Amino acid sequence: MQNYHVTPTDTGWQLIKEGASRPARRAQTKKEMLTLMQEFMEGKKASVKIHLQDGSIQEERTYPRRADPASTPG
């Protein structure tokens, strides 16, 4: 499973894959980034950690939803 992060930058927000040097997507606002992120994640199996402005993690989302390990029994 691929891992991505939505993080703040000096000029807005970015969606970046762990280990990558360039972002997959950029946006001026977090709201715009979350919309772009959902479109980008269609058909991918990945985990996205969404950060707050201070860098701490706000939430984590798994795509597709059925791939979320927290929803498996046991």
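Everything discussed here concerns the structure shown above.
Because the structure is predicted, anything quoted here is derived from the model rather than measured.

## Overview of unusual backbone geometry
- The omega angle of the peptide bond from Y63 to P64 is -15 degrees, so this bond is cis rather than trans.
- The residue P64 is located in the segment after strand 5 (57-63) in this model.

## Some remarks on the nonpolar core
- Y4, V6, L15, M37, M41 and V48 are the most contacted members of the largest nonpolar core, which totals 14 residues.
- The set of elements that each furnish at least two residues to this core consists of strand 1 (2-8), strand 2 (13-17), helix 1 (30-41) and strand 4 (46-51).
- In contact with V48, not counting residues within four places along its chain, are Y4, V6, L15, M37, M41, E59, E60, R61 and Y63.

## Digging into the pattern of salt bridges
- This structure, assessed with the given rule, holds two salt bridges.
- The closest approach of N and O atoms between K49 and E60, which form a salt bridge, is 3.7 Å. Of this pair, K49 sits in strand 4 while E60 is found in strand 5, placing the two residues 11 residues apart along the sequence.
- Taking the relative accessible area as the measure of exposure, E60 reaches 45% and is therefore partly exposed.
- In this structure, the salt-bridge partner of E59 is R61, at a minimum N-O distance of 3.1 Å.
- According to the relative accessible area criterion, E59 is partly exposed, its value standing at 30%.
- The class for R61 is partly exposed, based on a relative accessible area of 22%.

## So, the sheet that holds strand 2
- Spatial strand order, 3-2-1-4-5: five strands in an open sheet with mixed pairing. Here the strands that pair on one side only, and so sit at the sheet edges, are strand 3 (25-27) and strand 5. Each adjacent strand pair in this sheet contributes to an overall mean axis angle of 15 degrees, direction not counted.
- As paired strands, strand 1 and strand 4 are joined by five bridges and run parallel to one another. Pairing of V6 across the sheet is with I50, part of strand 4.

What counts, and at which threshold
- Residues numbered from 1 in each chain as written.
- Predicted model: local features only at pLDDT ≥ 70, side-chain atom pairs only at ≥ 80, totals over all residues.
- Heavy atoms only, no water.
- Helix = DSSP H or I, 4+ residues; strand = E, 2+ residues; numbered from the N terminus.
- Core = buried A, V, L, I, M, F, W, Y, C linked by side-chain atoms within 4.5 Å.
- Buried < 20%, exposed > 50% of the residue type's maximum accessible area, 1.4 Å probe, protein only.
- Contact = heavy atoms within 4.5 Å.
- Salt bridge = Lys/Arg side-chain N within 4 Å of Asp/Glu carboxyl O.
- Pairing = 2+ DSSP bridges.
- Axes fitted to C-alpha atoms, helices over the stretch in contact; angles between N-to-C directions.

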